[in-house]
Amino acid sequence: MPGVTAMTGSIRAKLTATYLLVIAVFTAALGVNLPFLIERKYIQSVSEELRAHANPFLAGFAELLNHPASTNKLENLCQEAAGHLGAGVAVLDRRGRILSEASPRPEASLQIPQALPKQKACRFCHSSSAPLHVTVELPIQKDNRSIGLLRLIPQAGPIRRVSDAVRRATFIVSLVAAVLAGLVSFGIASTISRPVAEMSRMADQMAKGNLRMRIEVTSNDEIGQLAKSLNNMAENLERMVAKLASEKERRSAVLMGMADGILAVNRRGEVILFNRTAAEMLGTKLNGIEGLHISKIPFVRSFWPLLRQSMESNTPTNVQVTIKSPSYRALSIKVCPLHGASEEDCGAMAVFHDLTELRRSEEARRRFLADVSHEMRTPVAAIKGAVEVLNSGAIDDPPARERFMTALEREADRLSALLEDLLDLELIDAGKLVLRPEPVHVRSLVEQAVEELQQRIAEKQLTVTTQIPEHIHMVADAIRMAQVLGNLLDNAVKYTPEGGSIRISAWQEGDSVCLSVADTGVGIPEEDLPHVFERFYRADKARSRRLGGTGLGLAIVREIVAAHGGRVSVTSSVGQGSTFTVEMPVAGATPRQE
């Protein structure tokens, strides 16, 4: 985190520099003024001591100055005072002339003021040879009148040594104090900047989406309160983000589970929403679509003009389209504009409703009605024709009457079978087919079906063999399973030539019982095998109608078997025969629900 580190270093550096600047100014001021103050105090102390010791000599000097002739005595007194005081002594008259001195003459001249001071005085004087000279001047008075001046000059060496010592000590103390203060200021700056750095790192992590980081609060000052507020904000944001993520997941689950397809784009044409249903309808991938421009997505780009028109006109649009690639789809599309808080949030959304199954169902219904009409037209026309012939006089001709009455019976039976099959399919389609599952003895079921068709089997001299173990049972509705086996066996008898054979077998595989009906009939072409269970489908339509088939028998077989939770399949070879196999639950098993 270079930005956070730089900011933290800057805060620490600024605080430390501020503290050091204040300390440096204070230390400099102290280093300059403290030695001077100490020197002044020391010199003042020396001066006071000199004045205190010089006071006893003032009376003597005053007496001698009243008698100018006593020069030797004045010099002797000066020498005595210099020895006693340990300082140079000079006596000046009112005009500033040196009358006597007990020490070498100072290198820098001292001017005596025109008016001699009435009080004791002390002043400093600098010369070229010595950095500092101290001069103590005392007025010599007689009868409250100044008659001269006593100048005392302490030795400069001790004062200079004390001054140097004071300056060195001040420098060392200031340096040590500055270093310690710098360390202390650095520590204080670090103490202040550390929580700021933690808050900066936390803010950076929050910006990156990590809301779990927390700051350890170690104080109750403003920074501590700020850290607490930041922690509370992170907790609130974490809860809010979790709630938003949960809501987004729920919305995403709802959108992905919708039966309708959803496609939404922004004003620039970039996909902002695309669910799984839309991907399946339009035959494209789901991942990586969002963010792409719609014109770059195969099978979807064709809807961009429709979306753009809705955005530009700001009105919803309903259209129905049919697409043939990558697969046939009939779609109802509702397009409406999307409005947002800003221009960038605007766009358009298309809702795709799949009408493919509805269209196929309508087509199947139309085809079914057409097939039913066609199937019923043939027997009705035959019955009508026979009745007309009989009414025209054939009823009086016994041979003709017998022939037409047989035709009427055959066509009536055919029409009755068609109606019964249609009623069965109506029950199945309406979900009203009621099954009463019970253990069914398979061998007895087969024997009963063969017995019912025995006359027709004998007429065509067919050989029927069975391979059914005695112990095999299945769970099924006995009446409906008799209908299934009867339809399969009826087809085998119809399409097997005279002298052919039919084999009925049953065996158990795991939890299922398999029942097959194989014949040596004409067989079914391979291209027709996927359609043999469709309603009114016939591989050989002319043969089927001639043999009295309705075209619904195998469709009923499939629906009844599926209602039991079983399945039916077929294998066939043209000219060699067909084999239909039904797989059902064994006795005691629960039929599967479709």
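Computed from a prediction, not measured in an experiment: that's the story for all the values here.

1. Here's the deal with the overall build of the protein chain
Scanning the protein chain from N- to C-terminus turns up 13 helices and 17 strands. Residues counted as buried form 38% of the 594 residues belonging to the protein chain. When contacts within the protein chain are restricted to residue pairs at least 6 apart in sequence, those whose partners lie at least 24 apart make up 60%.

2. Section: helix H4 (residues 222-257)
Along an α-helix, residues three or four apart share an orientation, since each turn contains 3.6 residues. With 36 residues, H4 should reach 52 Å at 1.5 Å per residue; the first-to-last C-alpha distance of 51 Å fits that figure. Regarding H4, the residues found buried are Gly224, Ala227, Leu230, Asn231 and Ala234.

3. Observations regarding the nonpolar core
The biggest cluster of nonpolar side chains holds 45 residues, and the ones touching the most others in it are Val442, Val446, Met474, Val484, Leu488, Ile502 and Ile504. If one sorts the elements of this core by residue count, helix H11 (residues 478-495) sits on top with seven residues. Not counting residues within four places of it along the chain, the set of residues in contact with isoleucine 502 comprises Leu462, Thr463, Val464, Thr465, Leu489, Ala492, Val493, Thr496, Val517, Ala518 and Asp519. Counting residues in hydrophobic clusters, the runner-up holds 25 residues, among them Leu50, Leu77, Ala82 and Ala102.

4. Details of the sheet that holds strand E8 (residues 317-323)
Ordered by their spatial adjacency, five strands build an open sheet running E7-E6-E10-E9-E8, and the pairing between neighbours is antiparallel. This sheet does not close on itself; its edge strands, each paired only once, are strand E7 (271-274) and E8. Within the sheet, the average angular offset between the axes of one strand and its neighbour, ignoring direction, is 20°. For strand E6 (residues 261-266) and E7, the ladder comprises three bridges, and the chain directions are antiparallel. Its bridge partner lying in E7, alanine 264 is registered against leucine 273. Of the strands in this sheet, E6, E8, strand E9 (329-338) and strand E10 (347-354) are in contact with helix H6 (residues 304-313), which crosses E9 at around 30°.

5. Quick notes on the environment of lysine 334
Its place among the elements puts lysine 334 in strand E9. Measuring from C-alpha to C-alpha, the distance between lysine 334 and alanine 350 comes to 5.6 Å, with 16 residues separating the pair along the chain. For lysine 334, the residues in contact, after removing those within four places along its chain, are Thr317, Asn318, Met349, Ala350 and Val351.

6. Here's the deal with the pattern of salt bridges
Pairing between side chains of opposite charge can happen when the charged atoms of each approach one another. Going through the model one piece at a time under the given rule, you end up with ten salt bridges. Note that arginine 567 and glutamate 583 form a salt bridge whose closest N and O atoms lie 2.8 Å from each other. Of this pair, arginine 567 sits in strand E16 (residues 567-573) while glutamate 583 sits in strand E17 (residues 577-585), and the two are 16 residues apart along the sequence. Several salt bridges converge on common partners, so that one network encompasses Arg443, Glu447 and Glu470.

7. As for the packing of aromatic side chains
Within this structure, the stated rule accounts for two aromatic pairs. Residues phenylalanine 303 and phenylalanine 352 carry aromatic rings whose centres are separated by 5.1 Å and whose planes lie at 75° to one another, so their mutual orientation is edge-to-face. Of this pair, phenylalanine 303 sits in the loop between helix H5 (276-282) and H6 while phenylalanine 352 sits in strand E10, placing them 49 residues apart in sequence. Overall, phenylalanine 303 belongs to the buried group, its relative accessible area being 7%. Taking 6.2 Å as the distance between ring centres and 90° as the angle between the ring planes, the aromatic pair formed by phenylalanine 533 and phenylalanine 580 counts as edge-to-face. With a gap of 47 residues between them, phenylalanine 533 in the loop between strand E15 (512-519) and helix H12 (541-546) and phenylalanine 580 in strand E17 connect regions that are remote in the sequence. Judged by relative accessible area, which is 10%, phenylalanine 533 ranks as buried.

8. So, the environment of methionine 481
Relative to the helices and strands, methionine 481 is located in helix H11. Exposure remark for methionine 481: the relative accessible area of 1% places this residue in the buried category. Expressed as a C-alpha distance, the spacing of methionine 481 and valine 440, which sit 41 residues apart in the sequence, is 8.9 Å.

9. A short note on the environment of serine 501
Position of serine 501 among the secondary structure elements: in strand E14 (residues 501-509). Assessed through its relative accessible area of 31%, serine 501 is described here as partly exposed.

10. Some details on the confidence of the model for the protein chain
The predicted model of the protein chain has a mean per-residue pLDDT of 77, with 84% of residues at 70 or higher. Every residue in residues 1-8 scores below 50 in pLDDT, and together they form ten contacts with partners more than four places removed in sequence or on other chains. pLDDT under 50 marks residues 588-594. Its contacts with residues more than four places away, or in other chains, come to twelve contacts.

11. A word on the sheet that holds E16
An order of E12-E14-E15-E17-E16 is seen for the five strands of this open sheet, with the pairing classed as mixed. Unpaired on one side and paired on the other, strand E12 (463-467) and E16 mark the two borders of the sheet. Adjacent strand axes in the sheet meet at a mean angle of 15° when their direction is disregarded. Inspection of the sheet shows E14 paired to E15 by eight bridges, in the antiparallel sense. Pairing of tryptophan 507 across the sheet is with cysteine 514, part of E15.

12. Looking at the packing of helix H9 (residues 442-452) against H11
Two numbers describe how H9 lies on H11: the axes approach to 10 Å, and their chain directions differ by 50°. In terms of axis orientation, H9 runs oblique to H11. Remark: the crossing between H9 and H11 carries right-handed chirality. Residues Leu445, Val446, Ala449 and Val450 of H9 lie in contact with H11, whose contacting residues are Ala478, Met481, Ala482, Leu485 and Leu489. Of the residues in the contact of H9 with H11, the class split is nine nonpolar, no polar and no charged.

Rules and cut-offs
Residues numbered from 1 in each chain as written. Predicted model: local features only at pLDDT ≥ 70, side-chain atom pairs only at ≥ 80, totals over all residues. Heavy atoms only, no water. Helix = DSSP H or I, 4+ residues; strand = E, 2+ residues; numbered from the N terminus. Buried < 20%, exposed > 50% of the residue type's maximum accessible area, 1.4 Å probe, protein only. Contact = heavy atoms within 4.5 Å. Expected span 1.5 Å × (residues − 1). Core = buried A, V, L, I, M, F, W, Y, C linked by side-chain atoms within 4.5 Å. Pairing = 2+ DSSP bridges. Axes fitted to C-alpha atoms, helices over the stretch in contact; angles between N-to-C directions. Salt bridge = Lys/Arg side-chain N within 4 Å of Asp/Glu carboxyl O. Phe/Tyr/Trp six-rings, centres within 6.5 Å; stacked < 30°, edge-to-face > 60°. pLDDT = per-residue confidence, 0-100. Parallel < 35°, antiparallel > 145°, perpendicular 65-115°, else oblique. Left-handed = near helix turned anticlockwise from the far one by under 90°. Nonpolar A, V, L, I, M, F, W, Y, C, P; charged D, E, K, R; others polar.

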